[in-house]
Amino acid sequence: MGNNIFQLARPVNEHSMNFAEGCPERGALLAEVERQRASVVEIPAVIGGEEVFTGSVVEIREPHRRAHVIARAHLAGEAELRRAVDTACAAAQDWAEMPWEDRAAIFMKAADLLAGPYRFRVEAATMLGQSKNLWEAEIDVCELCDFLRFNAYFLQEIYRQQPGLTPGAVNRVEYRPLEGFVAALTPFNFTSIGGNLPCAGAVAGNVAVWKPSTAAALSNYYFLCVLREAGLPAGVINFVPSRGVDFSKYVITDPRLAGFHFTGSTEVFDAVWREVGSHIERYHTYPRLVGETGGKDFIFADGSASVGALVSGMLRAAFSYAGQKCSAASRAYIPASLWPDVRERLHEAMKDLYAGDILDPRAFCNAVIDRAAFERIKAYLDDAAASPDAEILEGGGADDAEGYFIQPTVILAKNPHYRSMVEEIFGPVLTVYVYEDEAQDEALRLCDTSTKYGLTGAVYARDRAAVLKISRALSQTAGNFYINEKPTGAVVGQQPFGGSRRSGTNDKAGSQTNLLRWVSQRAVKEVLVPDTEILLPHML
Ligand code: NAD
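Residues numbered from 1 in each chain as written. Predicted model: local features only at pLDDT ≥ 70, side-chain atom pairs only at ≥ 80, totals over all residues. Heavy atoms only, no water.

Draft legend 1. Geometry of the overall build of the protein. Looking only at helices and strands, the protein has 16 helices and 21 strands in total. Against the 2.2 N^0.38 benchmark of 24 Å for 540 residues, the protein shows a C-alpha radius of gyration of 25 Å, consistent with a compact globule. Reported as C-alpha extents along the three principal axes, the dimensions of the protein are approximately 85 × 65 × 50 Å. Burial statistics for the protein: of 540 residues in total, 56% are counted as buried. By sequence separation, contacts in the protein at least 24 residues apart represent 78% of the contacts at least 6 residues apart. For the protein, the computed accessible surface area is about 22100 Å², with 52% contributed by carbon and sulfur atoms. The positive charge centre, built from 53 side chains, and the negative charge centre, built from 67, are 1 Å apart in the protein. (Helix = DSSP H or I, 4+ residues; strand = E, 2+ residues; numbered from the N terminus. Rg over C-alpha atoms; globule rule 2.2 N^0.38 Å. Buried < 20%, exposed > 50% of the residue type's maximum accessible area, 1.4 Å probe, protein only. Contact = heavy atoms within 4.5 Å. Areas by Shrake-Rupley, 256 points an atom, 1.4 Å probe, with all protein chains shown as cover. Lys, Arg positive; Asp, Glu negative; His and termini not counted. Charge placed at Lys NZ, Arg CZ, Asp CG, Glu CD.)

This is the structure we're talking about:
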């Protein structure tokens, strides 16, 4: 048994390749995409290391080529979900007792496997299943490497925090895992989030039952294979593609639920919170509820803004990954003095922006995730075309003949409360409201109060006094706030990500704050020479 004080160095963010035309990595990734396209993968549930093919399957299709099936996910039902919880709980003690540096080493190894031999496999599956181009898949996988490495590092920073001295005694704080299991419920839009939510608790010694989004099940399953290859013991993370309602019914309500780690829509987080609340007395411990949810992310321009930077930020933040990043800009407040110039540049730039196949290098974005998303977004476009409160300035097209393509769209809202200005759409739709320069205070009030969310936002201004004023006025409007930079693209270890209000619990994925939610402290005081007196000094 070695005695040591183990120390992890602060990680460096995984370097993203740019896949420029002709570079060998581009060829290798595209070859992997073709390889994966040629077969249909059967995705099992994985419970206690055992692959379970239930026969109750959901087909996974390429959203941009919707006739083409790439995988079939076998859904866990009641029996498998209950077994996953039992299996996780059975694995809990051994996992909690493993020295933390060994747990950390497993996730560090997983990061290196993902960055190395498994990189293109997980990226190709992300491209095919979640309709991402090379770049979006690359930054997604790099972010997952970052989560794995920074989680281990930040956990070490937590473990280091120890209490002060008591003369004649030794004080220490133990950071136990939670007593029970963590349920991880993950969204379709980032492979990185899928992987991070079960792993964040696991590195701290917790066991997990992980339900991936069906749309992301292929990339998420390949990541699970990476964890197994890295030596994660069977039963620590149990992978259960399943119906949301079944997961709620058989996993969330289990008395051993100790934590819930979620990213997805506000509505689903609300539903789970209600489920937990309505059964609160049945749990052994109060479950920790951590959720990052919806957003209506904004760009607010001052009259002093650089129009070039502003237009670039608006387009990149609104249309990358077809507006399906939780941080995507979907509303912009532009002063009337800048609007003619902004309008003209938007028009020019958008001549070249379109949604197309993942292998079309000129397509700015690709398909939206599925038919439900397509119909939902199209309904907003139809409403804008018909409403006196709105005008479609650019785009507006929706075509599902081949795949679920919504063209990048800019809507002008004549009413600042028009629905596309205040509701989350989660598609490539940016709504602009033009305010009179002298009514900036009112525009700030609208930006702050007209949605229920508080996730990301950006100010564009050259005038420092304006930057200061707008930052202050919008201090509760975003958990990630950017100055002269688009509101997307947070990097682990650099801009901890998350929002409050109805955008979540703002526990900042990939940060110390998040990891603190997965430890339960035990304060221990040991007296060196115990007192034998009974009466207190003032009584003598
Ligand atoms: P979603 O809420 O529809 O699904 C998330 C997960 O919950 C999926 O696994 C889904 O199958 C499951 N689910 C759906 N209905 C359920 C139910 N009734 N009971 C239990 N589980 C259920 O979200 P999505 O469409 O996958 O992702 C898009 C949403 O996620 C957007 O609202 C977006 O803003 C949000 N998001 C937020 C962040 C953030 O950091 N704030 C990041 C990514 C995505």
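Having seen the structure, we can now continue with the description.
Draft legend 2. Expanded view of the domain arrangement of the protein. Entries for the protein in the domain assignment read domain 1 (27-293 + 504-524) and domain 2 (297-483). A separation of 32 Å is found between the C-alpha centroids of domain 1 and domain 2. At the junction of the two partners, domain 1 supplies 25 residues and domain 2 supplies 27 residues. Carbon and sulfur atoms make up 55% of the area that domain 1 and domain 2 hide from each other, which totals about 2100 Å². (Domains from an automatic or database assignment. Buried area = accessible area lost by both parts, 1.4 Å probe.)

Draft legend 3. Inspection of the layout of surface pockets at higher detail. Quantified by volume, the second largest pocket comes out at close to 870 Å³. Contributing to the lining of the second largest pocket are 36 residues, with Pro187, Phe188, Gly264, Ser265 and Val268 lying nearest its centre. Where the lining of the second largest pocket is concerned, the elements lending two or more residues are α8 (244-252), β10 (257-263), α9 (266-278) and α12 (371-386). At 4 residues, the largest contribution of residues to the lining of the second largest pocket is made by α9. Residue classes in the lining of the second largest pocket are distributed as 17 nonpolar, 12 polar and 7 charged. Domain assignment of the residues forming the lining of the second largest pocket places at least three in each of domain 1 (27-293 + 504-524) and domain 2 (297-483). (1 Å grid on protein atoms, 1.4 Å probe; cavity = no way out; pocket = protein on both sides within 12 Å on 5 of 7 lines; lining within 4 Å. Points joined across faces, edges and corners; volume = space filled by probe spheres on them. Nonpolar A, V, L, I, M, F, W, Y, C, P; charged D, E, K, R; others polar.)

Draft legend 4. Main features of the packing of aromatic side chains. Under the counting rule described, the total for this entry stands at 19 aromatic pairs. With a centroid separation of 6.1 Å and 40° between ring planes, the pair formed by Tyr221 and Phe239 is classed as tilted. A residue pair is termed long-range when its members are at least 10 positions apart, and Tyr221 in helix α7 (residues 217-229) and Phe239 in strand β9 (residues 237-239) qualify at 18 residues. Each of the two residues, Tyr221 as well as Phe239, counts as buried. (Phe/Tyr/Trp six-rings, centres within 6.5 Å; stacked < 30°, edge-to-face > 60°.)

Draft legend 5. How the structure looks around the pattern of salt bridges. Taken as a whole and judged by the stated rule, the model has 36 salt bridges. With a shortest N-O distance of 2.8 Å, Glu14 and Arg149 are connected by a salt bridge. Of this pair, Glu14 sits in the segment before α1 (24-37) while Arg149 is found in helix α5 (residues 134-160), placing the two residues 135 residues apart along the sequence. Of the residues examined, Arg149 reaches a relative accessible area of 11% and is grouped as buried. Asp254 is the salt-bridge partner of Arg256, the closest N and O atoms lying 3.0 Å from each other. Using a relative accessible area of 26% as the deciding quantity, one classes Arg256 as partly exposed. For Asp254, a relative accessible area of 10% gives the class buried. (Salt bridge = Lys/Arg side-chain N within 4 Å of Asp/Glu carboxyl O.)

Draft legend 6. Structural view of the site of the ligand. In the neighbourhood of the ligand, 25 residues make up the surrounding shell, with Thr186, Ser265, Thr293, Cys326 and Glu424 lying closest. Contact distances for the ligand include 2.7 Å between an oxygen atom and a backbone N or O atom of Thr186. A distance of 3.4 Å is found between a nitrogen atom of the ligand and a backbone nitrogen or oxygen belonging to Gly244. Notes on the ligand: free accessible area 850 Å², of which the protein chains cover 82%. Within the shell around the ligand, the residues separate by chemical class into 11 nonpolar, 11 polar and 3 charged. Structurally, the shell around the ligand is a two-domain feature, drawing no fewer than three residues from each of domain 1 (27-293 + 504-524) and domain 2 (297-483). (Near = heavy atom within 4 Å. Polar contact = N/O pair within 3.5 Å; in protein donor to acceptor, adjacent residues only side chain to side chain.)

Draft legend 7. Summary view of the nonpolar core. Counting 105 residues, the largest nonpolar core has Ile43 and Ile237 as its most contacted members. Broken down by element, this core gets its largest block of residues, 14 residues, from α5. Setting aside its immediate chain neighbours within four residues, Ile43 contacts Phe53, Ile60, Ala71, Arg72, Ala73, His74, Ala217, Leu218, Tyr221 and Phe239. If you look at the next biggest cluster of nonpolar residues, it comprises 42 residues, including Ala390, Tyr418, Ile425 and Val429. (Core = buried A, V, L, I, M, F, W, Y, C linked by side-chain atoms within 4.5 Å.)

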